[in-house]
Amino acid sequence: AQTDALTGLPNGRALYARLDQELAQAAEPGSSLTVLCFNLTGLRAVNEFFGYQAGDRMLAEVAGQLRQEVGESGTLCRIAGDEFICLLTDSSQDEAIRMGEQAQKRISSFRLEVRPEQYAHVGLNVGAARFPTNGSSADELLHAASVASRQIRATRVEGQTISQPHSPAAYQQRAQSGPLALVR
């Protein structure tokens, strides 16, 4: 199966198949590939306060909101409990960052009514990685985008919304001191 049962989105298996195709195309002159990692914040609180069914409803609704934001410009997949990946081809770095910021705004303004007049909400951290600057393989790009999304969570400051990693070589040099990310 290549579809996530809860959200209807492609799953991790489908993501790797698509990412391999996109990497081959991105190697062509004039092509580009950006991987965005969307990491939900606050889902655990939704599960604990409203129950796991409400958390599942939230995931399904967030997936729908992200699907609307991404539209035809990218491929959106759910790869883990609260983590989604978006593959953007032939978009500039600024366009990718703009999409990440718009997704954050959409999710942060979304409220799910879980009980009469009781609403749950979540946040969204976004990490971005570009081929070949931040990685040349599927695993390198996914890792870089994931680390960048976690880094923004750890260093959240007003006005800092999208995190981008250094090159893979920088990761290897600083692996013992923790993940690196450049915050725009």
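Quick notes on the overall build of the chain
Across its full length, the chain holds 6 helices and 8 strands. In the chain, the succession of α and β elements from N to C terminus is α-β-α-α-β-β-α-β-β-β-α-β-α-β. Expressed as a percentage of the 184 residues in the chain, the buried residues total 47%. Long-range pairs, those at least 24 residues apart, make up 65% of the contacts in the chain with a sequence separation of at least 6. For the chain, the exposed area adds up to about 9,500 Å²; of that, 46% sits on carbon and sulfur atoms.

Digging into helix α3 (residues 52-70)
Taking 1.5 Å of rise per residue, the 19 residues of α3 would be expected to cover 27 Å, and the 26 Å separating its terminal C-alpha atoms lies within 8% of that figure. Of the positions making up α3, those classed as buried are A54, G55, M58, L59, V62, A63, Q65, L66, E69 and V70. Downstream of α3 by a residue or two, G71 has a phi angle that is positive, lying close to 55°.

Points about helix α2 (residues 43-50)
Taken as a whole, α2 has its buried residues at L43, V46, N47 and F50. The arc that holds the buried residues of α2, viewed along the axis, is 105°, so those residues lie on one side. Seen from the buried face of α2, the exposed residues on the opposite side, beyond 90 degrees, are R44, E48 and F49. Looking at the buried residues of α2, the elements they touch are β1 (33-41), α3, β4 (112-115) and β5 (118-120). Remark: G51 follows α2 within two positions and exhibits a positive phi of approximately 105°.

Comments concerning the confidence of the model for the chain
For the chain, the average pLDDT comes to 85, and 83% of its residues sit at 70 or higher. Here residues 157-162 scores under 50 on pLDDT; set against residues more than four positions off or in separate chains, the count is 19 contacts. Low confidence marks residues 166-184, where pLDDT is under 50. Its contacts with residues over four positions away, or in another chain, come to 41 contacts.

Definitions and cut-offs
Residues numbered from 1 in each chain as written. Predicted model: local features only at pLDDT ≥ 70, side-chain atom pairs only at ≥ 80, totals over all residues. Heavy atoms only, no water. Helix = DSSP H or I, 4+ residues; strand = E, 2+ residues; numbered from the N terminus. Buried < 20%, exposed > 50% of the residue type's maximum accessible area, 1.4 Å probe, protein only. Contact = heavy atoms within 4.5 Å. Areas by Shrake-Rupley, 256 points an atom, 1.4 Å probe, with all protein chains shown as cover. Expected span 1.5 Å × (residues − 1). Arc of directions from axis to C-beta. pLDDT = per-residue confidence, 0-100.

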